[in-house]
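For reference, the chains in residue letters:
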Amino acid sequence: MTPTRRTALGFMAAAAGSVALPGRVFASAKFKYDLQPKPAMSGVWMIEGATDYFSMQNGGAIVNCALLQGETGLILIDTGPSRRYAEELRLSVQALDLRGVSAVVNTHNHPDHYFGNQVFADKPIYGLGEMIELAITHGDSFSNNMYRLLGDWMRGTEPMPPTAALATGEVTIDGRKFLALPLAGHTETDLALLDTETGLLIAGDLAFLDRAPATTNANLETWQAALTELQALNAAAILPGHGPLDRSGASLAQTSAYLSWLETTFTEGANSGLDMVDLMDSPMPAEFAAMGAQPEEFHRSISHLFPDIERRELPRAN
Amino acid sequence: MLKFVLAVLSVAVVPVSLGAEELRTQLDDPYDSGMWDYHQIELLGNPKDIRFDDRVIVRAPASAEDAFNVPLMVDATGIDNVEEIIVSVDYGPIPHILTYYPGAAEPKLELRFKIDQATAIRASVRTSSGSWHVGSTRIDAAGGGCAAPAQAYASDDWEDHLGEINGRLWTASGRARLIVDHPMDTGLADGIPVFIIKELHFLNDDGSELAHIDLKEPVNEDPAFTLFFDPDDMPALLHVQGRDNNGNEIAGTLTGEALN
Ligand SMILES: [Zn+2]
């Protein structure tokens, strides 16, 4: 199908995905994320997200953010799902560097990765040019969905696209050198950053570990090609967008294996005459069933991916 | 769309007894939607012989990931002599999704539809003796699927594909699946008139009808159906014939493994 159509369906999907109702606010909820930056590499920290789907319990803190020591403060990669999250983050990182955050980079146009931007509006906020365009176009519909899923956790949050287009290749951000790789597949445009000093690859949502990959705006073929490129980097460690820090390369291999399984399952399903409700009963290999956010993400992927695969597989009948 | 919603809501707050017709058989709605009594009169014609029946299985995901393409399976194979299956939502600008006349096929159908809001989904099954059996499920949704213009309009080649059919038969499992390219515009979006396939007939090679579907506005863009046959009685091929409300003919032939 056309990219236009995929994009449109993808964003409807984002607007329609749901597990929790916003009305259910728990009496005990104080809307505190309790963010704990922890050391990842020398001069690098991470804030690790839950491996679940968005819920009123986790407030949308399902994403990994990275902090790297820059010359004048901390370089923050991805800003979390909400204003509350980013305000907490801004305070908690002063324990690492009193000067706080000096620059921000967004990996891609998904709300859990950039909806904290407004808290850092006085700093440079970088993203790939195409990601900025997408954020301008789709910020409001993502915002509606996030308020619906997360209710009061989202209070005061207004989507703010990056303010500066990031160059690709070798770039320097607040005195720190990175290799900026413009890739795609998880969304239409995905940034991966290789930190020159430590060899850490910040993969954004091109890599997941022990958490089911989200395919809302995915193109499986492009995504696999991006994973091949990332594998060739032989990074010292990989920070996936969701899941624990990966020191063995497992996140790239696991993400690739899962995407292959989706492709195979949906292709075989289409060639057996199955429809989407039948596919919900697909037996899932244990290693994929054990991932966080299953079977929700698998069920969502049926909606995202199956109609186009089926259209491709079924023969013309007139 | 607003006026449709208001019309439906205003009915919801008026007791059914004040309407033109009294409910002949009051049921205890397992989903307690507040709208079922109204549909029992308007959609089913207020039958006396009617009950909710667990043998009518209605399956869907708990929430609609894509409001334009919500998958649904209706299975009334636990009931004998089914003549008609009416698939509908309780809440939505147009409640009636389709009516399936299974004929020589099994009383079981897979389909996709556009959802407008969280709602109970019903499959009302009529047997040859005139008794009605209703199955239900519920789907959560953010809304917007019905009133939004068809996605195909975003690309410029939809007219080239109008009426294209993809599909085939699987004789071993008794499945017949097809996708028909069509915008299926509801007429609810500003400036876009109703443009839908009205009916699809399924015939065997000698021209006798085996089953047919009457489609309504909420059926998804590029309608996709699975029909089910007893594998022992599976026709070797299945002719598809239909037309839309602008008079475009739809025709194709589904074949099985050996004929491909
Ligand atoms: Zn993402």
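In case you missed it, the structure is sitting above this.
Since the model is a prediction, treat every value here as computed from it, not as a measurement.

Turning our eyes to something else, we now look at the overall build of chain B. Of regular secondary structure, chain B possesses 3 helices and 15 strands. When each of the 260 residues of chain B is scored for burial, the buried share is 60%. With an accessible surface of roughly 10,300 Å², chain B has 48% of that area assigned to carbon and sulfur atoms.

A tally of regular secondary structure across chain A gives 9 helices and 12 strands. In terms of overall size, chain A behaves like a compact globule, its C-alpha atoms giving a radius of gyration of 19 Å where 318 residues would be expected to give roughly 20 Å. Projecting the C-alpha coordinates of chain A onto the three principal axes gives extents of approximately 65 × 50 × 35 Å. The buried share among the 318 residues of chain A stands at 61%. Within chain A, contacts between residues separated by at least 24 positions form 71% of all contacts whose residues are at least 6 apart in sequence. Accessible surface for chain A amounts to roughly 11,700 Å². Of this, 53% is attributable to carbon and sulfur atoms.

Residues and elements named next belong to chain A. Protein coordination at the zinc ion comes from His108 (NE2), His110 (ND1), His186 (NE2) and Asp205 (OD), with a distance range of 2.1 to 2.2 Å. Here the zinc ion binds 4 donor atoms, and the angle range of 86 to 168° at the metal identifies the geometry as irregular. Taken in chain order, the donor set of the zinc ion reads H-x1-H-x75-H-x18-D. Here Asp205 lies in strand S11 (residues 200–208) and His110 lies in the loop between strand S5 (101–105) and helix H3 (111–114), a separation of 95 residues in the sequence. The class of Asp205 is buried, set by a relative accessible area of 3%.

What follows covers the sheet that holds strand S4 (residues 74–77) of chain A. Residues and elements named next belong to chain A. Across the sheet, which stays open at both edges, the 7 strands sit in the order S1-S2-S3-S4-S5-S6-S7 with mixed pairing between neighbours. Looking at the sheet topology across the chains shown, the edges are occupied by strand S1 (38–41) and strand S7 (164–165). Taken together, the 4 bridges between strand S2 (residues 44–47) and strand S3 (residues 65–69) define a ladder with antiparallel strand orientation. From the neighbouring strand, Met46 faces S3, where its bridge partner is Ala66.

Our next topic: the pairing of S1(A). Residues and elements named next belong to chain A. Bridge count between S1 and S2: 3 bridges; the pairing is antiparallel. Paired with Met41 across the bridge in S2 is Val44. Connecting the antiparallel pair S1 and S2 is a turn made up of 2 residues, with Gly43 showing a positive phi of about 75°.

Right, let's get into the environment of A:Ile47. Residue and element names in this part refer to chain A. Residue placement: Ile47 occurs in strand S2. The buried category is assigned to Ile47, whose relative accessible area is 2%. Separated by 197 residues in the primary sequence, Ile47 and Pro244 place their C-alpha atoms 9.9 Å from one another. Apart from the residues within four sequence positions on either side, Ile47 is in contact with Leu35, Gln36, Pro37, Val63, Asn64, Cys65, Leu67, Tyr85 and Leu89.

Attention shifts here to the side chain of A:Thr198. All names here are of chain A. Along the chain, Thr198 falls in the loop between strand S10 (190–195) and S11. Owing to a relative accessible area of 16%, Thr198 belongs among the buried residues under this scheme. Within the structure, Thr198 has its side chain in polar contact with the backbone nitrogen of Leu200 (distance 3.2 Å). The residues touching Thr198, leaving out its near neighbours within four places in the chain, are Met41, Ser42, Val44, Arg176 and Ala236.

Glancing now at the packing of aromatic side chains. Within the structure shown, the criterion is met by 13 aromatic pairs over all chains. Ring geometry for A:Phe266 and A:Phe306: centres 6.2 Å apart, planes at 70°, overall edge-to-face. Of this pair, A:Phe266 sits in helix H6 (residues 250–271) while A:Phe306 is found in helix H9 (residues 296–313), placing the two residues 40 residues apart along the sequence. By the burial criterion, A:Phe266 is buried, and A:Phe306 matches it. Here B:Trp36 and B:Phe52 contribute two aromatic rings whose centre-to-centre distance is 5.9 Å and whose plane-to-plane angle is 50°, an arrangement assigned as tilted. One end of the pair, B:Trp36, is in helix H2 (residues 36–42); the other, B:Phe52, is in strand S1 (residues 50–52), and 16 residues separate them in sequence. For B:Trp36, a relative accessible area of 1% corresponds to the buried category. Ring pairing ties together the aromatic residues A:Tyr258, A:Trp261, A:Phe266, A:Phe288, A:Phe298 and A:Phe306, which thus form one cluster. Against the face of B:Phe228 rests B:Lys108, its NZ or CZ located 4.4 Å from the ring centre.

Moving on, we come to the sheet that holds strand S4 (residues 82–89) of chain B. All names here are of chain B. Spatial strand order, S1-S8-S7-S4-S5-S12-S11-S14-S15: 9 strands in an open sheet with mixed pairing. The sheet is open, and its two borders are formed by S1 and strand S15 (249–255), each paired with just one other strand. Strand-to-strand twist across the sheet, computed as the mean angle between neighbouring axes with direction ignored, equals 15°. Two strands pair when backbone bridges link them, and strand S5 (residues 96–101) and strand S12 (residues 209–215) are joined in this way by 4 bridges, in the antiparallel orientation. Its bridge partner lying in S12, Thr99 is registered against Asp214.

On to the nonpolar core, then. With 59 residues, the main nonpolar core has A:Tyr85, A:Leu89 and A:Leu193 as its most contacted residues. Here the element with the most residues in this core is helix H4 (residues 129–150) of chain A; it accounts for 6 residues. Sequence-distant contacts of A:Tyr85, that is, excluding residues within four places in its chain, are made with A:Tyr33, A:Leu35, A:Ile47, A:Ala61, A:Val63, A:Cys65, A:Thr79 and A:Gly80. Core analysis: the next-biggest nonpolar cluster, separate from the first, contains 51 residues, B:Ala67, B:Val74, B:Val125 and B:Leu200 among them.

What the rule picks out here adds up to 30 salt bridges over all chains. A salt bridge links B:Arg55 to B:Asp53; its shortest N-O distance comes to 2.8 Å.

Here the focus is the environment of B:Ala120. All names here are of chain B. Tracing the backbone through its elements, the reader meets Ala120 in strand S7 (residues 119–127). Residue Ala120 is classed as buried on the basis of its relative accessible area of 5%. Along the sequence, Ala120 and Ser136 sit 16 residues apart, while their C-alpha atoms lie 6.6 Å from each other. With sequence-adjacent residues up to four places away left out, Ala120 is seen in contact with Tyr31, Ser33, Ser88, Val89, Asp90, Thr137 and Arg138.

On to the packing of helix H5 (residues 220–231) of chain A against H6(A). All names here are of chain A. Viewed as axis vectors pointing N to C, H5 and H6 meet at an angle of 160°, and their least axial separation amounts to 10 Å. Considered as vectors, H5 and H6 are oriented roughly antiparallel to each other. Read as a crossing pair, H5 and H6 show a hand that is left-handed. Contacts between H5 and H6 pair Leu220, Trp223, Gln224, Leu227, Leu230 and Gln231 from the former with Leu252, Ala253, Thr255, Ser256, Leu259, Ser260 and Glu263 from the latter. Here the contact of H5 with H6 is built from residues that sort into 7 nonpolar, 5 polar and 1 charged.

Criteria and cut-off values
Residues numbered from 1 in each chain as written. Chains lettered and ligands numbered in written order. Predicted model: local features only at pLDDT ≥ 70, side-chain atom pairs only at ≥ 80, totals over all residues. Heavy atoms only, no water. Helix = DSSP H or I, 4+ residues; strand = E, 2+ residues; numbered from the N terminus. Buried < 20%, exposed > 50% of the residue type's maximum accessible area, 1.4 Å probe, protein only. Areas by Shrake-Rupley, 256 points an atom, 1.4 Å probe, with all protein chains shown as cover. Rg over C-alpha atoms; globule rule 2.2 N^0.38 Å. Contact = heavy atoms within 4.5 Å. Donors = N, O, S within 2.8 Å, 3.2 Å for Na, K, Ca; no water. Tetrahedral: all angles 85-135°; square planar, octahedral: opposite > 155°, others 65-115°. Pairing = 2+ DSSP bridges. Polar contact = N/O pair within 3.5 Å; in protein donor to acceptor, adjacent residues only side chain to side chain. Phe/Tyr/Trp six-rings, centres within 6.5 Å; stacked < 30°, edge-to-face > 60°. Lys NZ or Arg CZ within 6 Å of the ring centre and 35° of its normal. Axes fitted to C-alpha atoms, helices over the stretch in contact; angles between N-to-C directions. Core = buried A, V, L, I, M, F, W, Y, C linked by side-chain atoms within 4.5 Å. Salt bridge = Lys/Arg side-chain N within 4 Å of Asp/Glu carboxyl O. Parallel < 35°, antiparallel > 145°, perpendicular 65-115°, else oblique. Left-handed = near helix turned anticlockwise from the far one by under 90°. Nonpolar A, V, L, I, M, F, W, Y, C, P; charged D, E, K, R; others polar.

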